[in-house]
Amino acid sequence: MKKNSCISFVFIVLFGLSVQGQSKKWTLEECVKYAIQNNISIKQSELDSKTANIDKKGAIGNFLPSLNASASHSWNIGLNQDITTGLLQNQTTQFTSAGANVGVDIYKGLQNQNTLRKANLSIIAAKYQLLKMQEDVALNVANAFLQVLFNKENLKVQKEQLGINEKQYARSEELVKAGSIPRGDLLDIKATVASNNQNVITAENALLISKLSLAQLLQLKDFENFDVVDDTDVKDENNIMAQSPAAIYDKAKEGRTELKIARTNLEIAQKNVAIAKGAFQPTLQGFYSFSSRVGYSDRVVGFQPNTSNPTSVVGYVEGTNQNVLQNNFSPVLGKALPFFDQFSDNKGHSFGAQLSIPIFNGFSARNNVERSKVSLERSKIAVEQQDLDLQRNVFTAFADAKGALNAYESSVVALESRQGAYDYAKEKYAVGLMNSFDFNQSQTLLTNAQSDVLRTKYDYIFKIKILEFYFGIPLIKN
């Protein structure tokens, strides 16, 4: 009994969670936040930011010294020159060598410094690009969100119109039986009901497609159960229409991401010119190297420098008690030299500085500078063009918002008039003073007026959002 109660409790909880998940309705703020966290385009921009940070690490690494180590071991088998007598003999000779090199740039025409500054600017540009992508996605989400709201209300209007016509059809059947209206009017109303059914199906498909578009922006898979809140208020909360287009434009110049990107790219182009000019200057590098070697054959076990002659080496003949002399070196008595003793005795060091002065390199450096200057001019033009585009977009957005507001207000007045005309036509049709054709015309005009109100309302809302966007008001609070 207790086990059954537990199973029932788990079932009720899971069922409740399922119903709650299906009944969840997303707000515009939730949609925008979710899209910013999950949209693929935004994730790609985030990877660009990571790449810019990696490039900065590479720029910092240019200031650090380079360290390389090497080692080799070789066998020479056959007719080789005897390393003690200088004569050619059949023998096996082995050589082992190892070394390490360190190099560091002391001066490189300030190229490393400018490369690091460019890397920092690239990080800023990548952040602006990411922000721009987030803003674009937010606007696209807002547009798709409003399209879902429009299609939901439009579907509601079509269903209400279908219900009215179905009732009118039932009423007309009674009037036909009573002989109040001809049977032809009943057939006209029946055709109208069929047309309304088609309109409902079309509206349902439009709603499904708009939900799919919004769900794809949010990277949601279960778009069929996806729904949004029915927020249909039309109001200018921030009173943006009270601002002048010039004031909105001045505000946009301070904070629009497009201009920040263009200005940052201009600074990057300036650093590229400085980097290219650095190739004309001399470079100074410091270096240090360490090396050592060990050599022996099937006859000679090892070599040892002669203390009386630093350039001499003594070899020990394997299997005998005889030391052999190379290059007039004094013999050293004793057993064969160990490997690490030879390695220590043969080690060498070298260090210094290398100065390189560019004189002629096939116009490579000069062409790079000229190419960088051309890119710089393009960046300057891009800033000017971006400023002109912003000005045009702001004034266009203001005009569009103003026109959308006028269109919405006019459609509301038209709807009130069409509603009154339809009510009057309905009364006349009920008493037989209007035929079905004229009545259907009045009904069609009412439906069109309702659709116009919906279309202009959401168009005005979106135009206001764009205008607020240019003024620096975010789509979401946080």
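Only a predicted model underlies this, so the values are computations on that prediction, with no experimental measurement involved.

## Details of the nonpolar core
Counting 66 residues, the largest nonpolar core has Leu214 and Leu218 as its most contacted members. Mapped onto this core, the elements with two or more residues apiece are α2 (28-38), α4 (111-178), α5 (183-217), α6 (245-255), α9 (364-430) and α10 (436-471). Here the element with the most residues in this core is α4; it accounts for 17 residues. If you look at the next biggest cluster of nonpolar residues, it comprises six residues, including Leu266, Ala269, Leu376 and Val383.

## Details of the confidence of the model for the chain
Model confidence for the chain is summarised by a mean pLDDT of 82, while 83% of its residues fall at 70 or above. When the elements of the chain are averaged for pLDDT, strand β6 (residues 323-326) gives the smallest value, 41, and helix α7 (residues 257-277) the largest, 95. Every residue in residues 300-304 is under pLDDT 50, and counting partners more than four places away or in other chains gives 34 contacts. Contacts of residues 309-336 to residues separated by more than four positions or lying in other chains number 60 contacts, the stretch itself having pLDDT below 50.

## Brief notes about the pattern of salt bridges
Scanning all chains against the criterion turns up 14 salt bridges. Close ionic contact of Lys33 with Glu29 constitutes a salt bridge, the shortest N to O distance being 3.2 Å. With Lys33 and Glu29 both in helix α2 and four residues apart, this pair spans about one turn of that helix. Using a relative accessible area of 31% as the deciding quantity, one classes Lys33 as partly exposed. Linking Glu135 and Arg256 is a salt bridge whose minimum nitrogen-to-oxygen distance equals 3.1 Å. Taken together, the residues Glu135 in helix α4 and Arg256 in the loop between α6 and α7 connect sequence positions 121 residues apart. Pair check on accessibility: Glu135 and Arg256 agree, each one buried. The structure contains a network of salt bridges with shared partners spanning Lys25, Lys152, Lys211, Asp227 and Asp230.

## Side note on the side chain of Lys211
Tracing the chain through its elements places Lys211 in helix α5. Here the side chain of Lys211 touches Phe226 through a polar contact of 3.4 Å, landing on its backbone oxygen. Ignoring sequence-local partners within four residues, the contact set of Lys211 consists of Val148, Phe223, Phe226 and Asp227.

## A closer look at the environment of Glu224
Tracing the backbone shows Glu224 in the loop between α5 and α6. Overall, the relative accessible area of 60% leaves Glu224 in the exposed class. The sequence separation of Glu224 and Ile209 amounts to 15 residues, and the corresponding C-alpha distance is 9.7 Å.

## What to know about a nonpolar patch on the surface
A cluster of nonpolar side chains, Leu355, Ile357, Ile359, Phe360 and Phe363, forms an exposed patch at the surface whose accessible area comes to about 640 Å². By secondary structure assignment, the location of Phe360 is in the loop between β7 (348-356) and α9.

## Section: the packing of α4 against α10
With their axes 10 Å apart at the nearest point, α4 and α10 run at an angle of 165° to one another. As far as their axial angle goes, α10 and α4 are roughly antiparallel. Crossing of α4 over α10 shows right-handed handedness.

## Some details on the packing of aromatic side chains
One pass over the structure, following the stated rule, counts six aromatic pairs. Ring centres of Trp26 and Tyr34 lie 5.2 Å apart, and the angle between their planes is 85°; on these two criteria the pair is classed as edge-to-face. The class of Trp26 is buried, set by a relative accessible area of 13%. Look at Phe150 and Tyr458: their rings are 6.5 Å apart centre to centre, the planes differ by 75°, and that puts the pair in the edge-to-face class. Remark: Tyr458 occurs in helix α10 and Phe150 occurs in helix α4; sequence separation between them is 308 residues. Overall, the relative accessible area of 18% leaves Phe150 in the buried class. In this structure an aromatic cluster arises from ring pairing among Trp26, Tyr34 and Phe226.

## Structural notes on the packing of α6 against α10
Axis separation between α6 and α10 bottoms out at 7 Å; the angle between their running directions is 55°. By the angle between their directions, the pair α6 and α10 is classed as oblique. Judged by residue contacts, Ala247, Ile248, Lys251 and Ala252 of α6 engage Leu467, Tyr470 and Phe471 from α10.

## Some remarks on unusual backbone geometry
Unusually for a residue other than glycine, Leu110 sits at a positive phi of about 60°. When its relative accessible area of 43% is taken as the criterion, Leu110 is described as partly exposed. For Phe363, which is not glycine, the phi dihedral falls at a positive 65°. Here Phe363 is to be found in the loop between β7 and α9.

## As for the environment of Lys159
As for its position among the elements, Lys159 is in helix α4. Exposure remark for Lys159: the relative accessible area of 45% places this residue in the partly exposed category. The spatial distance from the C-alpha of Lys159 to the C-alpha of Asn196 is 7.9 Å, given a sequence separation of 37 residues. Each residue touching Lys159, except ones within four places of it in the same chain, is listed here: Val200 and Glu204.

## Observations regarding the environment of Gly403
By secondary structure assignment, the location of Gly403 is in helix α9. For the pair Gly403 and Tyr460, spaced 57 residues apart in sequence, the C-alpha to C-alpha distance is 8.3 Å.

## Structural notes on helix α3 (residues 40-61)
Look at α3: 32 Å from first C-alpha to last across 22 residues, which is about the 32 Å you get at 1.5 Å a residue. Of the surrounding elements, those touching the buried residues of α3 are α2 and α4. At the N-terminal end of α3, a side-chain oxygen is found 2.9 Å from the backbone nitrogen of Ser41, two or three residues along, and the residue is Asn39.

Analysis parameters
- Residues numbered from 1 in each chain as written.
- Predicted model: local features only at pLDDT ≥ 70, side-chain atom pairs only at ≥ 80, totals over all residues.
- Heavy atoms only, no water.
- Core = buried A, V, L, I, M, F, W, Y, C linked by side-chain atoms within 4.5 Å.
- Buried < 20%, exposed > 50% of the residue type's maximum accessible area, 1.4 Å probe, protein only.
- Helix = DSSP H or I, 4+ residues; strand = E, 2+ residues; numbered from the N terminus.
- pLDDT = per-residue confidence, 0-100.
- Contact = heavy atoms within 4.5 Å.
- Salt bridge = Lys/Arg side-chain N within 4 Å of Asp/Glu carboxyl O.
- Polar contact = N/O pair within 3.5 Å; in protein donor to acceptor, adjacent residues only side chain to side chain.
- Patch = residues over 30% accessible without salt bridge, like charges linked within 9 Å, V, L, I, M, F, W, Y side chains within 5 Å.
- Areas by Shrake-Rupley, 256 points an atom, 1.4 Å probe, with all protein chains shown as cover.
- Axes fitted to C-alpha atoms, helices over the stretch in contact; angles between N-to-C directions.
- Parallel < 35°, antiparallel > 145°, perpendicular 65-115°, else oblique.
- Left-handed = near helix turned anticlockwise from the far one by under 90°.
- Phe/Tyr/Trp six-rings, centres within 6.5 Å; stacked < 30°, edge-to-face > 60°.
- Expected span 1.5 Å × (residues − 1).

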